[in-house]
Amino acid sequence: MPGVVHVQAKINGEDTNFLCEPRQSLLEVLRDVLGMTGTKEGCNDGNCGACTVMLDGRIVDSCLVLGVEIAGREVHTIEGMASPGELHPLQQSFLENAALQCGICTPGFLMASRALLDAEPDADEGRIRHWLAGNLCRCTGYDKIVRAVLQVSTTSDK
């Protein structure tokens, strides 16, 4: 294949090799090359957060990162969030609080929420709302999402 690049990266803790075109976004690589369709395409211009993944511990819109840019780096996607046979506490809380409807934005909200609680386990409602401002939802009105994240935050124990 002319014009393809071999990329080695760690995705969800596993060493991964793939071929991609230099112009392909990480979102396209995840979905179309690697078959990881949990990361969703919303706007494809970095405004909605539906494609949020963690790259080297920071949240990024995967539609704005080129697949070749992850060479030698570590990516975490929604597929790597749960343990085998058990949901991540945030996923469970989203279910319990009915914090999802159509599901397009849900993986992005979950990844952004996880990054927040990894960095600030005791995040309060204001901090959660601020952190999730880059993720858009057209269905839920945000309150149930914030409630679900707050339930997992250690501030809910106080």
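This section reports on the structure supplied with the text. Since the structure is predicted, the reported quantities are computational estimates derived from the model, not experimental observations.

Calculation notes
- Residues numbered from 1 in each chain as written.
- Predicted model: local features only at pLDDT ≥ 70, side-chain atom pairs only at ≥ 80, totals over all residues.
- Heavy atoms only, no water.
- Patch = residues over 30% accessible without salt bridge, like charges linked within 9 Å, V, L, I, M, F, W, Y side chains within 5 Å.
- Areas by Shrake-Rupley, 256 points an atom, 1.4 Å probe, with all protein chains shown as cover.
- Salt bridge = Lys/Arg side-chain N within 4 Å of Asp/Glu carboxyl O.
- Helix = DSSP H or I, 4+ residues; strand = E, 2+ residues; numbered from the N terminus.
- Buried < 20%, exposed > 50% of the residue type's maximum accessible area, 1.4 Å probe, protein only.
- Core = buried A, V, L, I, M, F, W, Y, C linked by side-chain atoms within 4.5 Å.
- Contact = heavy atoms within 4.5 Å.
- Pairing = 2+ DSSP bridges.
- Axes fitted to C-alpha atoms, helices over the stretch in contact; angles between N-to-C directions.
- Parallel < 35°, antiparallel > 145°, perpendicular 65-115°, else oblique.
- Left-handed = near helix turned anticlockwise from the far one by under 90°.
- Disulfide = S-S within 2.5 Å.
- Nonpolar A, V, L, I, M, F, W, Y, C, P; charged D, E, K, R; others polar.

## Notes on a nonpolar patch on the surface
Judged by side-chain polarity, Leu-87, Leu-95 and Leu-100 come together as a nonpolar surface patch covering roughly 240 Å² of accessible area. Tracing the chain through its elements places Leu-95 in helix H2 (residues 89-96).

## Thoughts on helix H1 (residues 26-33)
Turning to H1, its buried residues are Leu-26, Leu-27, Val-29 and Leu-30. With its phi angle positive at about 70 degrees, Gly-35 sits one or two positions after the end of H1.

## Brief notes about the nonpolar core
Among the nonpolar cores identified, the biggest contains 22 residues, and Phe-94, Phe-109, Ile-128, Leu-132, Ile-145 and Val-149 are the most heavily contacted of them. If sequence neighbours within four positions are ignored, Val-149 has contacts with Leu-90, Phe-94, Ser-113, Leu-117, Ile-128 and Leu-132. Counting 14 residues, the second largest nonpolar core, distinct from the first, contains Ala-9, Ile-11, Leu-55 and Ile-70.

## Regarding the sheet that holds strand E3 (residues 52-55)
Picture the strands of a sheet paired through backbone hydrogen bonds; they go either parallel or antiparallel. The strand order across the open sheet formed by 5 strands is E2-E1-E5-E3-E4, and the pairing between neighbours is mixed. Of all strands in the sheet, those bounded by a partner on one side alone are strand E2 (14-20) and strand E4 (58-61). For this sheet, the mean angle separating the axes of adjacent strands, direction not counted, is 40 degrees. Two strands pair when backbone bridges link them, and E3 and strand E5 (residues 74-76) are joined in this way by 2 bridges, in the antiparallel orientation. Across the sheet, the residue bridging to Met-54 is His-76, located in E5. Sheet strands in contact with H1 are strand E1 (5-11), E2 and E3, and its direction is about 100 degrees off that of E2. Packed onto the sheet, helix H3 (residues 106-119) meets E3, E4 and E5 and runs at close to 40 degrees relative to E3.

## A closer look at the packing of H2 against helix H5 (residues 143-152)
Packing of H2 against H5 leaves a shortest axis separation of 8 Å and a crossing angle of 135 degrees. Relative to H5, H2 is oriented oblique. For H2 against H5, the interelement crossing comes out right-handed. Together, Pro-89, Leu-90, Ser-93, Phe-94 and Glu-96 of H2 and Ile-145, Ala-148, Val-149, Gln-151 and Val-152 of H5 make up the contact between the two elements.

## Looking at the state of the cysteines
Within the structure shown, the criterion is met by 0 disulfides. Cys-51 takes part in no disulfide bond, and the closest cysteine sulfur, belonging to Cys-63, lies 3.7 Å away. According to the relative accessible area criterion, Cys-51 is buried, its value standing at 4%.

## Focus: the packing of H2 against H3
Contact geometry for H2 and H3: axes closest at 10 Å, N-to-C directions at 125 degrees. As far as their axial angle goes, H3 and H2 are oblique. As H2 runs across H3, the sense of the crossing is right-handed. Here H2 contributes Leu-90, Gln-91 and Phe-94 to the contact with H3, which in turn contributes Thr-106, Phe-109, Leu-110, Ser-113, Arg-114 and Leu-117. Of the residues assigned to the contact of H2 with H3, the class counts are 5 nonpolar, 3 polar and 1 charged.

## Quick word on the pairing of E4
Pairing of E3 with E4, which is carried by 4 bridges, proceeds in the antiparallel orientation. Looking at E4, one finds that Leu-55 is bridged to Arg-58. What sits between E3 and E4 in their antiparallel hairpin is a turn of 2 residues, with Asp-56 showing a positive phi close to 50 degrees.

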